[in-house]
Amino acid sequence: MKKFNLTINGVSLACIEAGEGPLVLLMHGTFAGKQLMMPQLLHLSRHFRCVAFDWPGHGESGAIAGGWTVEDLVPLLPAMIEALGEDRAFLCGVSQGSAVSMRAALAYPDKVRGLVNMCAGPGGPPPPAAKVVADFAALLADEPDETARRTAVEDFVRRMFHDPQFPTRAPDRFKEEVDLILSHKRGYVKYLPNVPLTYKLLSDEELAAIRCPTLIVWAEFENRPTLGAQLASVIPDSELVIVKNAGHHVNVDQPEATSLALEGFLRKHAKV
C-alpha cells in the first residue's frame, strides 16, 4: 500500500493505492474521506488496482480557490485516470462520490468501465436537508468550542449517515468517522455543501444514457428507501443490491456486505 498526492487540474488530491489489476477508483461522500473507503480498498485490492482519494477540501487534499461545484469535480476523474497511466476505470462512490461518477459516465463514457452507485440519487438534497447540511458546514467552520463541535458532529453523523443502532453496534467506526470529520480544515469546510447543492437533476432520459454496467447499492435505512429501485429501473445494464441494517454511508455501516457486493460485480465485468 502506498500514499501519494496527484495534482489534477491544479488541485492536490491525497491518494492511497493498493493492489494490481483493472483500476478501481473509490470515492467518499460529502464530509467524509478516503479513510472510510479502506475496508473496500483492502478487500478489492486482492484482484484490482484500487485508489481511494480525498475530494477537494477534505482530509489531506487541497482545495479550489473560492469554492467549487459538481461541475469542477466531474473532469477530475478522467484526468485522474490518465494521470494513473490507465485508459479506463471502474468508478465506485458513496453519495457525492457516486453523484460525480454518474455525471462522469455521461460526460466521458470512454473512460468509465463500470459504475457502482452507493446511495446517490439523481439530484440534490431537498431544501430542508440542504439547510441542515449548510448549517452544519457553517458550524464546523466557525464554532470555537471543540466540545460543541464534537457534539454537533456526533449528532449529524448519527442522524444523517447511519442505521439507528450503528453508534452502539460499532462504536470504534463511529468514533473514527467523527474524528475524520473534525479533522477537515476549517477554511475548507464552508465550501463542502456547494457540491451537493449544485447537482442538476438527471432526467430519466439522461440516466438511460448511462451505457456502462452499473451496480446500485442501496441501504435499508436510506432516507429515500425506494430511490435505488427507481434508478435500477431506468439505468440500462444495472443491478440492485439492498444492504440490510445500513444507512446512507452503507459501506461504513456494513463494510463486509458492501465489499462482497462490489467484488462480485467488479469481478464479473472485469472477468478476473
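Just so it is clear, the model here is predicted, and its values are computed rather than measured. (Residues numbered from 1 in each chain as written. Predicted model: local features only at pLDDT ≥ 70, side-chain atom pairs only at ≥ 80, totals over all residues. Heavy atoms only, no water.)

Here we take up the side chain of His 58. Note on placement: His 58 falls in the loop between strand 4 (49–53) and helix 2 (70–73). Apart from residues no more than four positions distant in its own chain, His 58 is found in contact with His 28, Gly 29, Thr 30, Phe 31, Ala 32, His 184 and Leu 192. (Helix = DSSP H or I, 4+ residues; strand = E, 2+ residues; numbered from the N terminus. Contact = heavy atoms within 4.5 Å.)

The subject of this paragraph is the packing of aromatic side chains. In this structure the tally under the stated criterion is 8 aromatic pairs. Centre to centre, the rings of Phe 53 and Trp 55 are 5.0 Å apart; their planes meet at 75 degrees, and the pair counts as edge-to-face. Trp 55 matches Phe 53 in its accessibility class, with the two residues each being buried. A network of ring pairs unites the aromatic residues Phe 31, Phe 136, Phe 156 and Phe 161 as a single cluster. It is Lys 2 that lies over the ring of Phe 4; its NZ or CZ is 5.7 Å from the centre. (Phe/Tyr/Trp six-rings, centres within 6.5 Å; stacked < 30°, edge-to-face > 60°. Buried < 20%, exposed > 50% of the residue type's maximum accessible area, 1.4 Å probe, protein only. Lys NZ or Arg CZ within 6 Å of the ring centre and 35° of its normal.)

Glancing now at the UniProt feature "domain: AB hydrolase-1" (unreviewed entry) in the chain. When the UniProt feature table is mapped onto this chain, "domain: AB hydrolase-1" (unreviewed entry) is found at residues 22–253. Secondary structure across residues 22–253 comprises 44% helix and 15% strand; the distance between its end C-alpha atoms is 26 Å. (UniProt positions renumbered as here; feature names shortened; annotations may be inferred.)

Another aspect to go through is helix 13 (residues 255–270). Taking 1.5 Å per residue, 16 residues should reach 22 Å; helix 13 reaches 22 Å between its end C-alpha atoms and fits that length. Regarding helix 13, the residues found buried are Pro 255, Thr 258, Ser 259, Ala 261, Leu 262, Glu 263, Phe 265, Leu 266 and Ala 270. One or two positions beyond helix 13, positive phi appears at Lys 271, with a value near 60 degrees. (Expected span 1.5 Å × (residues − 1).)

With that out of the way, let us pick up the environment of Glu 146. Relative to the assigned elements, Glu 146 resides in helix 6 (residues 146–161). A residue is classified by how much of its surface remains accessible, and Glu 146, at 41% relative accessible area, is partly exposed. At a separation of 2.8 Å, a polar atom in the side chain of Glu 146 contacts the side chain of Arg 186. (Polar contact = N/O pair within 3.5 Å; in protein donor to acceptor, adjacent residues only side chain to side chain.)

With that settled, consider the side chain of Thr 214. Structurally, Thr 214 can be placed in strand 7 (residues 214–219). On the accessibility criterion, Thr 214 (1% relative accessible area) is buried. Not counting the four nearest positions on each side in its chain, Thr 214 is found in contact with Leu 115, Ile 235, Asp 237, Ser 238, Glu 239 and Phe 265.

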